[in-house]
Amino acid sequence: MTTKANFPVTAGSIVVPYGHVIGNEKWRGSEIAQRLQVKTRLFFEDGLGLVDFYLSNRTCILYISEADLVAGDEFKRRLVRFRNASSLGGIVIVEKTQISDQYFLAVQKLIVLELGMVLLPVANQGEASQLITQLVREQSKDHNSNPFLRKQCSQLAEPSVFRTVQQIPGVGKTKALLLLQQFGSIHRLCNASVKELELVVGQT
């Protein structure tokens, strides 16, 4: 799926209703489109520019097929043009197959390290449609209404942070856990007053 040079980078202001996907017209009739239509509400629009699918007003998908990888560097120019001209959160889905595997490391370096974009490898268009469906569902959820997501946010981000707090004299596992639950980060913990700390762990 190569892109013509005269395409705009994006189609401007795209409004995507929750639970919907807006797909580039070039994908009509493809396997990925057929599978997406079963699980989500997919609408096609012409002139989406370099973008293949819009998941929300701020997030879009750029799809790099096995054929794009083998055909040459056109997909690289497309990615660079998108990154240079857009403030959208671009997710790049790349088909990683036996044929395209030899190109994957270079593509990964370009997308992740040089362009700073998210890369999600898939085996085929069917797997890509499942991934896009999951992304649409996640973006459509009200995160405040899900008790598991709220609980997850309050969990420790890193075991190394937990171990670091335990290095404070007089602070063991229990107090470290209480402090991190209350303050959320080492930065906030360091800036807390003695009174705020005493409220959590008592006087020591």
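Residues numbered from 1 in each chain as written. Predicted model: local features only at pLDDT ≥ 70, side-chain atom pairs only at ≥ 80, totals over all residues. Heavy atoms only, no water.

Student: Describe the packing of aromatic side chains, with residues and values.
Tutor: Enumeration according to the criterion identifies 2 aromatic pairs in this entry. The interplanar angle of 80 degrees and the centroid separation of 5.2 Å between the aromatic rings of Trp27 and Tyr63 together place this pair among those described as edge-to-face. With a gap of 36 residues between them, Trp27 in the loop between strand S1 (20–24) and helix H1 (31–39) and Tyr63 in strand S4 (residues 59–64) connect regions that are remote in the sequence. For the pair Trp27 and Tyr63, one class covers both residues: buried. Within the aromatic cluster, the residues linked to one another by ring pairs are Trp27, Phe53 and Tyr63. (Phe/Tyr/Trp six-rings, centres within 6.5 Å; stacked < 30°, edge-to-face > 60°. Helix = DSSP H or I, 4+ residues; strand = E, 2+ residues; numbered from the N terminus. Buried < 20%, exposed > 50% of the residue type's maximum accessible area, 1.4 Å probe, protein only.)

Student: I'd like to hear about the environment of Leu177, residue by residue, with values.
Tutor: As for its placement among the helices and strands, Leu177 is situated in helix H8 (residues 173–183). Between the C-alpha atom of Leu177 and that of Val165, which follows or precedes it by 12 residues, the distance is 8.6 Å.

Student: Can you explain the layout of surface pockets? Please cite residues and give values.
Tutor: When its volume is computed, the largest pocket comes out at roughly 310 Å³. What lines the largest pocket is a set of 18 residues, and nearest its centre among them are Ile168, Val171, Leu179, Leu197 and Val201. When residues in the lining of the largest pocket are grouped by element, the largest group, 4 residues, is from helix H10 (residues 194–201). Here the residues of the lining of the largest pocket are counted per class, giving 12 nonpolar, 4 polar and 2 charged. (1 Å grid on protein atoms, 1.4 Å probe; cavity = no way out; pocket = protein on both sides within 12 Å on 5 of 7 lines; lining within 4 Å. Points joined across faces, edges and corners; volume = space filled by probe spheres on them. Nonpolar A, V, L, I, M, F, W, Y, C, P; charged D, E, K, R; others polar.)

Student: Before we move on, could you go through the pairing of S4 and cite the residues and values that matter?
Tutor: Along any regular strand, the residues point their side chains to alternate faces of the sheet. Of all the 6 residues making up S4, 6 are buried; the element is thus mostly covered by neighbouring parts of the structure. Here S4 shows two buried faces, one formed by Thr59, Ile61 and Tyr63 and the other by Cys60, Leu62 and Ile64. In this structure, strand S3 (residues 53–54) lies alongside S4, joined through 2 bridges in antiparallel fashion. From the neighbouring strand, Tyr54 faces S4, where its bridge partner is Cys60. Hairpin geometry of S3 and S4 is characterised by an intervening segment of 4 residues between the two adjacent antiparallel strands. (Pairing = 2+ DSSP bridges.)

Student: Got a sec to walk through H1? Specific residues and values, please.
Tutor: It helps to recall that an α-helix has 3.6 residues per turn; residues three or four apart then point in one direction. Where H1 is concerned, the buried positions are Ile32, Ala33 and Leu36. Mapping the buried residues of H1 onto a view down its axis gives an arc of 95 degrees, with all of them on the same face. (Arc of directions from axis to C-beta.)

Student: With reference to specific residues and values, describe the confidence of the model for the protein chain.
Tutor: In this model, the protein chain carries a mean pLDDT of 81, and residues with pLDDT of at least 70 account for 83%. pLDDT under 50 marks residues 148–157. Its contacts with residues more than four places away, or in other chains, come to 7 contacts. (pLDDT = per-residue confidence, 0-100. Contact = heavy atoms within 4.5 Å.)

Student: Before we move on, could you go through the sheet that holds strand S5 (residues 89–95) and cite the residues and values that matter?
Tutor: Spatial strand order, S2-S1-S3-S4-S5-S6: 6 strands in an open sheet with mixed pairing. What marks the edges here is a single partner per strand, and that holds for strand S2 (41–45) and strand S6 (118–122). The strands touched by H1 are S2, S3 and S4; relative to S2, the strand with the most contacts, the crossing angle is about 135 degrees. Across the sheet, helix H3 (residues 74–85) touches S4 and S5, and the angle it forms with S4 is around 165 degrees. (Axes fitted to C-alpha atoms, helices over the stretch in contact; angles between N-to-C directions.)

Student: Lay out the side chain of His20 in plain terms, naming residues and giving numbers.
Tutor: Counting through the fold element by element, His20 comes out in strand S1. Take His20: its relative accessible area is 16%, and that puts it in the buried class. Within polar-contact distance, the side chain of His20 engages the backbone oxygen of Tyr18 at 2.9 Å. For His20, the contacting residues outside a window of four places in its chain are Arg41, Phe43, Tyr54, Leu55 and Val136. (Polar contact = N/O pair within 3.5 Å; in protein donor to acceptor, adjacent residues only side chain to side chain.)

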